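Observations on chain architecture
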Amino acid sequence: MDNTMRDKIAEIIVADVEWHTDNAVPWQGMQAADAIIAALPDMIAPLVWVEKRNDYWHAKGTNYQVAPNGGGKWRVRLGNRIIFKSRLSRCDAQATANTHYRDAGMAAFGVTE
């Protein structure tokens, strides 16, 4: 059997249903696993931004930073590395950082879109 997150969740659901009813169907476990995995991205809380100084923003508890990049554009940094340049606004840069953060969290489970 595969060791994907989907397979593991489905296995747990089927085993639990079998334990309670002796009437489990594997495809129902897969459907439930798909629904759980689909809900996970929305469960990752968005980053909370605080202004450190003069339009340099930091996401609490992370290494994400948003700052002006010159010419009215904004950049997103993760630690000391610029990961996105030329965002149109601070809000756009923060939304980009939030998406990156969410996608990295999902990738940790082996889920990529």
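Details of the structure are given in the entry above.
The paragraphs below set out a description of the structure included in this document. (Residues numbered from 1 in each chain as written. Predicted model: local features only at pLDDT ≥ 70, side-chain atom pairs only at ≥ 80, totals over all residues. Heavy atoms only, no water.)

Thoughts on helix α3 (residues 90-107)
How we decide: Counting from the N terminus, the helices are the DSSP runs of H or I reaching at least four residues and the strands are the DSSP runs of E reaching at least two. Expected span of a helix, by definition, is 1.5 Å for each gap between consecutive residues, and there is one gap fewer than residues. Each residue is assigned to one of three classes by its accessible area relative to the maximum for its type, calculated with a 1.4 Å probe on protein chains only: buried under 20%, partly exposed between the two thresholds, exposed over 50%.
Its 18 residues place the ends of α3 25 Å apart at the C-alpha level, agreeing with the 26 Å of an ideal helix rising 1.5 Å per residue. Along α3, the positions that sit buried rather than exposed are A93, Q94, T96, A97, N98 and M106.

Structural notes on the sheet that holds strand β5 (residues 81-87)
The test is simple: When DSSP locates at least two bridges between a pair of strands, those strands are taken to pair. Helix axes are fitted to C-alpha atoms over the stretch in contact, other axes to C-alpha atoms as well, and angles between N-to-C directions run from 0 to 180 degrees.
Judged by pairing direction, the sheet is antiparallel, and its 5 strands sit side by side in the order β1-β2-β3-β4-β5 without closing on themselves. Looking at strand neighbours, the two that pair on one side only are β1 (49-53) and β5, the edges of this open sheet. Between one strand and the next, the sheet's axes are offset by a mean angle of 30°, whatever the strand orientation. Taken together, the 2 bridges between strand β2 (residues 56-59) and strand β3 (residues 64-70) define a ladder with antiparallel strand orientation. Bridged to H58 within β3 is Q65.

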